[in-house]
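Chain by chain, the residues:
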2 protein chains.
Amino acid sequence: MRVALHLAYNGTHFFGSQTQKETSKTVLGELENVLKKLGIEQKVVASGRTDKGVHATMQVCHIDLPPYWDDMEKLKKVLNKMLCDALHVKKIIHVKDDFHARYSAKKRSYRYIITTKQKNPFESDFVTFLEDVNLQQIQQNIGLFVGEHDFRQFMKTGSDVKSTTRIIYRAFAYQHKDYIVLYFEANGFLRSQIRLMVGALLTLTKDAIQAQLNGTKKYKIKPAPPNGLYLSKIKY
Amino acid sequence: MRVALHLAYNGTHFFGSQTQKETSKTVLGELENVLKKLGIEQKVVASGRTDKGVHATMQVCHIDLPPYWDDMEKLKKVLNKMLCDALHVKKIIHVKDDFHARYSAKKRSYRYIITTKQKNPFESDFVTFLEDVNLQQIQQNIGLFVGEHDFRQFMKTGSDVKSTTRIIYRAFAYQHKDYIVLYFEANGFLRSQIRLMVGALLTLTKDAIQAQLNGTKKYKIKPAPPNGLYLSKIKY
């Protein structure tokens, strides 16, 4: 019986989402360890990976449950009692047997949060503090990313993917109280793509971003820090 | 030239405040490392220690500066640029040569924050989530701690102190939005004293707390978790 788990996590406490041989302190590693204690020895498949320090208000993954686990509310409660406080199961729902957390995903949304407020140590895991941000310029340029593009110049080097083309359906920026939020929705994202797009929006001109996107020029972009980034929705 | 530094820190990122031989990831270890890079090789003296996971909205410490560091605003700026994001210097002020961050301190205040809100991974480093809290009962019993008492039964075992008597000047609890705040002000606190007092307030009856305080009975108290605790003020 296949189920989808909706997770929220504080990326500060994990070395990324993906299981690693070197450490169990990854999101899926933690989840697999706890499932194992319940006798559920399963590889957990997520919609995609998030890097070290990146958060999720909603990540989706799937597992196949043994038939005697039929009370999803109870399983959720048990898991949340056993999981570390940085990882929380929001929902567990039955899905069809051919549902695949990664391959069935149609859209993925992320938010990136920046503030020009005075730095404080209690928010530094959750937002990116910058002295000066030009929201108007970001709002003017963020639309350049919308549509189907080859994002090869907005990808962490060393990534191994078949295609570097992705479709961004929506991208916009807005202010909410003291925070500037950049929103991106796409069929998928390359490794570090959002952090590199945010980095470009913060440092490059419109023409430079356009040239980087067309592949006519190559600027060295510093990726924005991971702690401002949230995986916020997966649509199937 | 002696100066006092007012610090704020997110205790999640440190193995406590006190320097340790095994790790530099302590609050004072981090500060001493950065000062060293500026050519200021000084042992930093704090008002008192905080445990692993405990936060400070205001901790005070002192150092002796070489005379060429005379611009405190500049020093603060340089330090905040070099220190990790979990540690922030709020203020640096000149003090008299006989000022001692620990021995000159007259009062110390702490806040402990609890919530019955639904658990979420983004606040779990900063508040203690409990399913059920009886605020009225806490408000009735917290006053038992006020005054001069021998707190030997509210101290982490293995602590080595000359006297276990402390004077609590004020102790009260209040609700602020979704949070319950317990406030304690004393001439000083023993190791883990506040976490043990909060633990007692959450689990023991009035008579039991009184007996534990009088030393007529000994209950096993589980200390409240460190992540809800904030050192919030030192008065000199």
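Position labels on residues start from 1 in each chain and follow its written sequence. Chains and ligands are labelled sequentially in the order written, the chains with letters from A and the ligands with numbers from 1. The predicted origin of the model limits local features to residues at a pLDDT of at least 70 and limits the giving and counting of side-chain atom pairs to 80 or more, whereas totals for whole chains, interfaces and linings rest on all residues. Computation of side-chain values covers all heavy atoms of the structure but excludes hydrogens and water.

A.B. asks: Hey, could you run me through the UniProt feature "active site" (unreviewed entry) in chain A in this one?
C.D. replies: Residues and elements named next belong to chain A. UniProt positions are given in the numbering used here, feature names are shortened, and annotations may be inferred rather than shown by experiment. Per the UniProt annotation, the sites labelled "active site" (unreviewed entry) are Asp51. The secondary structure listing takes helices from DSSP runs of H or I that are at least 4 residues long and strands from runs of E that are at least 2 residues long, numbered from the N terminus. Positionally, Asp51 belongs in the loop between strand E2 (45–46) and strand E3 (55–64). The contact rule is simple, with two residues in contact once any of their heavy atoms fall within 4.5 Å. The contact partners of Asp51, leaving out residues within four places of it in the chain, are Gly16, Arg191, Ser192 and Arg195. Within the structure, the side chain of Asp51 is placed 3.1 Å from the side chain of Arg191, a separation counted as a polar contact. By the criterion applied in these results, polar contacts are pairs of N or O atoms within 3.5 Å in which, for protein atoms, one can donate a hydrogen and the other can accept it, and in which residues neighboring in sequence qualify only through two side-chain atoms.

A.B. asks: Any chance you could explain the relation of the copies chain B and chain A here in plain terms?
C.D. replies: Two chain copies, one operation linking them: a rotation about an axis together with a shift along it. Residues below a pLDDT of 70 in either copy are left out; the C-alpha atoms of the rest, at least 70 in both, set the least-squares superposition of the copies. Least-squares fitting of chain B to chain A yields an RMSD of 0.0 Å, with the transformation described by 0.0 Å of translation along the axis and a rotation of 180°. What the rotation and shift describe, once combined, is the action of a two-fold rotation axis. Comparing interface residues between copies, 100% of those in chain B also lie at the interface in chain A; the contact surface is shared.

A.B. asks: How should the interface of chain B and chain A be read in this particular structure?
C.D. replies: Much of the literature gives interface size as the accessible area that the parts lose upon coming together. Each side of the interface is counted separately: chain B has 21 residues, and chain A has 21 residues. Summed over both partners, the interface of chain B with chain A buries about 1600 Å², with 58% contributed by carbon and sulfur atoms. Throughout, buried area stands for the accessible area (probe radius 1.4 Å) lost by two parts on being put together, summed over both. Of all residues in chain B, Asp85, Pro121 and Phe122 of chain B bury the most surface against chain A, accounting for 38% of the area lost on that side. Definition used for salt bridges: Asp or Glu carboxyl oxygen within 4 Å of a side-chain nitrogen of Lys or Arg. Along the contact surface separating chain B from chain A lie two salt bridges. Note that Lys119 of chain B is salt-bridged to Asp85 of chain A, the shortest N-O span being 3.0 Å. The tally of links from chain B across to chain A stands at eight residue pairs in polar contact (both at pLDDT 80 or more). Elements with a minimum of two residues in the side of chain B that touches chain A: strand E1 (2–9), strand E3 (55–64) and strand E4 (87–94) of chain B. The dominant element in the side of chain B that touches chain A, judged by the number of residues it contributes, is E3 of chain B, at three residues.

A.B. asks: Looking at this structure, how should I read the environment of Met82 of chain B?
C.D. replies: Residue and element names in this part refer to chain B. With respect to the helices, strands and loops of the structure, Met82 is situated in helix H2 (residues 72–82). For the pair Met82 and Leu38, spaced 44 residues apart in the sequence, the C-alpha separation amounts to 9.9 Å. Setting aside its immediate chain neighbours within four residues, Met82 contacts Glu30, Val34, Lys37 and Leu38.

A.B. asks: Whenever I open this one, the nonpolar core confuses me. Can you help?
C.D. replies: Generally speaking, a soluble globular protein has its nonpolar side chains buried in company with each other. Residue and element names in this part refer to chain B. Grouping buried Ala, Val, Leu, Ile, Met, Phe, Trp, Tyr and Cys residues that are joined through side-chain atoms within 4.5 Å yields what is termed a nonpolar core. Here's how the labels work: a residue is buried when its accessible area is under 20% of the maximum for its type, exposed when over 50%, partly exposed in between, all with a 1.4 Å probe on protein chains only. Within the largest apolar cluster, 71 residues are counted, with the highest numbers of intra-cluster contacts made by Leu5, Leu79, Leu182 and Phe184. In terms of residues, this core owes the most to one element, helix H4 (residues 193–203), which gives six residues. Split by domain, this core shows at least three residues from each of two domains, domain 1 (2–94) and domain 2 (108–235). When neighbours within four sequence positions are excluded, Phe184 is seen to be in contact with Arg108, Ser109, Tyr110, Ile142, Arg170, Ala171, Phe189, Ile194, Met197, Val198 and Leu201. For each domain, the first and last residues come from an automatic or database assignment.

A.B. asks: So what exactly am I meant to see when it comes to the environment of Val60 of chain B here?
C.D. replies: Residues and elements named next belong to chain B. Looking at the secondary structure, you find Val60 in strand E3. Looking at Val60, the relative accessible area reads 1%, which means it is buried. When residues no more than four places from it in sequence are discounted, the contact partners of Val60 are Ala4, Leu5, His6, Val45, Ala46, Ser47, Phe99, Ala101, Ile234 and Tyr236.

A.B. asks: Can you help me understand H2 of chain B in this one?
C.D. replies: Each turn of an α-helix holds 3.6 residues, which means side chains three or four residues apart point in the same direction. Residue and element names in this part refer to chain B. Those residues of H2 that sit buried are Met72, Leu75, Lys76, Leu79 and Asn80. What you see down the axis of H2 is that its buried residues fit within an arc of 130°, all on one side. Exposed and oriented more than 90 degrees from the buried face of H2 are Glu73, Lys77 and Lys81. Buried residues in H2 make contact with E1, helix H1 (27–37) and E4. It is the directions from the helix axis to the C-beta atoms that the arc portrays.

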